[in-house]
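# Structure assessment
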Amino acid sequence: MTSFLVGERWEGDSLIFHVHLRMPSTDFLSIPMRTTQLSLRTVLVGLIGLALSFVLASCDNLLDVSPQQEVEPSQAFQSEGGFESTLSSVYDDLQDPGYYAQFYMLYPEALADNAINLSGVARYDGPPRNAAREHLNRWGAHYESINKANVLLSEIGSFEADTTFKREIRGEASFLRALNYFDLVRTKAYEPGVTVGGFTQGVILRETPTQSSEQATQLKSRASVSEVYNLIESDLRNARDLLSGVGNSRFKANEAAAQALLAQVHLYRKDFDDAASTATAALESAADNLDADLLEKEEYVEAHVGEVMSSAIFSLDMRPEFDGDATSVNESLSSLTHDPSSFNFQLLPTQDLISAHEDGDVRLELYETLPSGNTRINKYTQAVGTYTDNIPVIRAAELLLIRAEARFENENESGALEDVNTLRSARGLSEVSLSGESLIEEILRQKRLELAFEGERFFDLKRRGMDIPKPQVDIPDLSYEDRRILAPIPSTEVQLNDSLKQNPGY
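Now for a quick tour of the structure.

So, how was this worked out
- Along each chain, residue indices are assigned from 1 in the same order as the chain's sequence is written.
- Local features in this predicted model are restricted to residues whose pLDDT is 70 or higher, and side-chain atom pairs enter the listing and the counts only when it is 80 or higher, whereas totals over whole chains, interfaces and linings include all residues.
- The basis for the side-chain values is all heavy atoms of the structure; hydrogens and waters are excluded.
- Put simply, DSSP marks the helices as runs of H or I at least four residues long and the strands as runs of E at least two long, and each gets a number from the N terminus on.
- Each helix should span, by expectation, one fewer than its residue count multiplied by 1.5 Å.
- Working definition: with a 1.4 Å probe on protein chains only, accessible area under 20% of the residue-type maximum means buried, over 50% means exposed, and in between means partly exposed.
- Here, a salt bridge means any side-chain nitrogen of Lys or Arg that lies within 4 Å of a carboxyl oxygen of Asp or Glu.
- Only the stretch in contact is used when a helix axis is fitted, and all axes are lines through C-alpha atoms; the angle between N-to-C directions ranges over 0 to 180 degrees.
- Oblique is the label for every angle not falling under 35 degrees (roughly parallel), over 145 degrees (roughly antiparallel), or within 65 to 115 degrees (roughly perpendicular).
- Should the near helix be turned counterclockwise from the far one by less than a right angle, the crossing is left-handed, whereas a clockwise turn marks it as right-handed.
- Note on contacts: a residue pair is in contact if any heavy atoms of the two residues lie within 4.5 Å.
- By convention, a stacked pair of Phe, Tyr or Trp rings (six-membered ring in the case of Trp) has centres within 6.5 Å and planes under 30 degrees apart, an edge-to-face pair has planes over 60 apart, and any other such pair is tilted.

### Notes on helix α3 (residues 80-94)
Compared with the 21 Å implied by 1.5 Å per residue over 15 residues, the 22 Å span of α3 between its first and last C-alpha is a close match. The buried fraction of α3 is high, at eleven of 15 residues. Within α3, the full set of buried residues consists of Gly81, Gly82, Phe83, Ser85, Thr86, Leu87, Ser89, Val90, Tyr91, Asp93 and Leu94.

In structure tokens form, the structure reads like this:
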């Protein structure tokens, strides 16, 4: 079924609209428009008529009609405002509760061994038990964001503007497309070079914009995992180069963020030498351009409960007046993890996670036992506003641990141990002398403790081919070969597209 959404924002005295059209192929057409003279009612009526023309045009199996009007991208992108509006819309997508504003921060904790739902409540009951289809199932919304990025990358080349503006649009769109594809492929597929039961498929690749109903109905099959990662890596290299020296804000794509995500991608691809060197470059860029560093013991707690995470390299800039459900009592991270007066307070750290800390670890100060006997984690404390926190997606400590793991796998145990001890010292712990299996276990343990409730635990276990421990519930560990390691593709998408193969076992 085709659907549409009209969004708007003010830019000076101009009202910027963007129309999102959902076609049955999982693709979206995004059209930004600007008005200073027409009334809101008139503009909305016109946009609804435009959207309906695409609805009719896409229903080839029902009506034999042609679109009565087509909007060429050249008409929609006649000013910088058109590009900025569409780019802002892609950032807004990250702030959806189904993405980084909630699901991608909490589900990987509950799907693994870091989180358990409050006893007696139903919400988040399924993920700790790895119930069927309780997973990160986001699919069509990723392709909406990808298509917006594709439109931006397609149209910016012929747009006459300042070189810096064009570089920023290209760089940010490339980063955001890469991030969406990375999250698609790591939830719906195995890692590069991994075969389970002969299955090696990735996700659908679309590198050019869907700008008409005819293009939207061109259905495609899944590309290989390697092909998807090749595009991600290419996008991130482009973003890194384009954003060098420009756009140094942690709330937007920036050079250090592109390097950081690229280091993570190298780790997933087991390109350990590149992962280590890229993580080093990202740490240097983050310190120089964003003043983002590891955080020392005395600043750790304040940084986590304050308005701005000073260690963040890329973060979501959340605002209660703009971000709707993501900053509400129903869906916010604070409501779900921190506020016991909220009827939605119910996702708690497991005792296994808490017990994994050593005495003297400053990170233990983020855990608080309530009069009810439950323990909460104080990472989302409504620091920005009511039920609102800025949300770090990538921060410096993660890069240090990416480098430590890459160095270990690249047979540089001394370098890996140095990184681990750097983090341990910054968290109030004594240095250790470890090697071999004990060292890699310590690296993964430190990453678990450092990034708890930040959406990495399940993915770290999955990409290393490990079974998922389930100490918080009375079920066996989840085998890496179990179908529930992968999220299913929505059944409606498979039904609409004969070329789209479902994940095994679903």
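There is more to say, and it comes next.
### A short note on the pattern of salt bridges
Within this structure, the stated rule accounts for 36 salt bridges. Residue Arg186 pairs with Asp183 through a salt bridge whose shortest N-O separation is 2.9 Å. With Arg186 and Asp183 both in helix α6 (residues 163-188), this residue pair falls three residues apart, about one helical turn. One salt bridge connects Asp241 with Arg240, and the closest N-O pair in it is separated by 3.0 Å. The class of Asp241 is partly exposed, set by a relative accessible area of 47%.

### Remarks on the packing of α3 against α6
The geometry of α3 relative to α6 is characterised by a closest axis approach of 11 Å and an angle of 25 degrees between their N-to-C directions. In terms of orientation, α3 lies roughly parallel with respect to α6. Note on packing geometry: the crossing formed by α3 with α6 is left-handed. Two secondary-structure elements touch here, α3 through Glu80, Phe83, Glu84, Leu87, Val90, Tyr91 and Leu94 and α6 through Phe165, Ile169, Glu172, Ala173, Leu176, Leu179 and Asn180.

### Comments concerning unusual backbone geometry
Residues other than glycine seldom take positive phi values, yet Arg133 does so here, at roughly 70 degrees. Assignment of secondary structure puts Arg133 in the loop between β4 (115-117) and α5 (140-155). According to the relative accessible area criterion, Arg133 is partly exposed, its value standing at 42%. Unusually for a residue other than glycine, Tyr387 sits at a positive phi of about 55 degrees. Residue position: Tyr387 is located in the loop between β8 (375-377) and β9 (391-395).

### What to know about the environment of Leu184
With respect to the helices and strands, the residue Leu184 is situated in helix α6. On the accessibility criterion, Leu184 (0% relative accessible area) is buried. For Leu184 and Ala487, which are 303 residues apart along the polypeptide, the C-alpha to C-alpha distance reads 9.6 Å. Sequence-distant contacts of Leu184, that is, excluding residues within four places in its chain, are made with Arg138, Trp139, His142, Tyr143, Ile146 and Val203.

### Regarding the packing of aromatic side chains
Counted under the stated rule, the structure contains 17 aromatic pairs. With a centroid separation of 4.7 Å and an interplanar angle of 50 degrees, the aromatic rings of Phe83 and Phe159 are classed as tilted. Taken as a pair, Phe83 in helix α3 and Phe159 in the loop between α5 and α6 lie far apart in primary sequence, 76 residues in all. In this structure, Phe83 and Phe159 share a single accessibility class: buried. Centre to centre, the rings of Tyr190 and Phe199 are 6.5 Å apart; their planes meet at 75 degrees, and the pair counts as edge-to-face. The exposure class assigned to Tyr190 is buried, which follows from its relative accessible area of 5%. Residue classification places Phe199 among the buried positions, given a relative accessible area of 5%. An aromatic cluster is present here, built from Phe77, Phe83, Phe159 and Phe165 joined pairwise through their rings.

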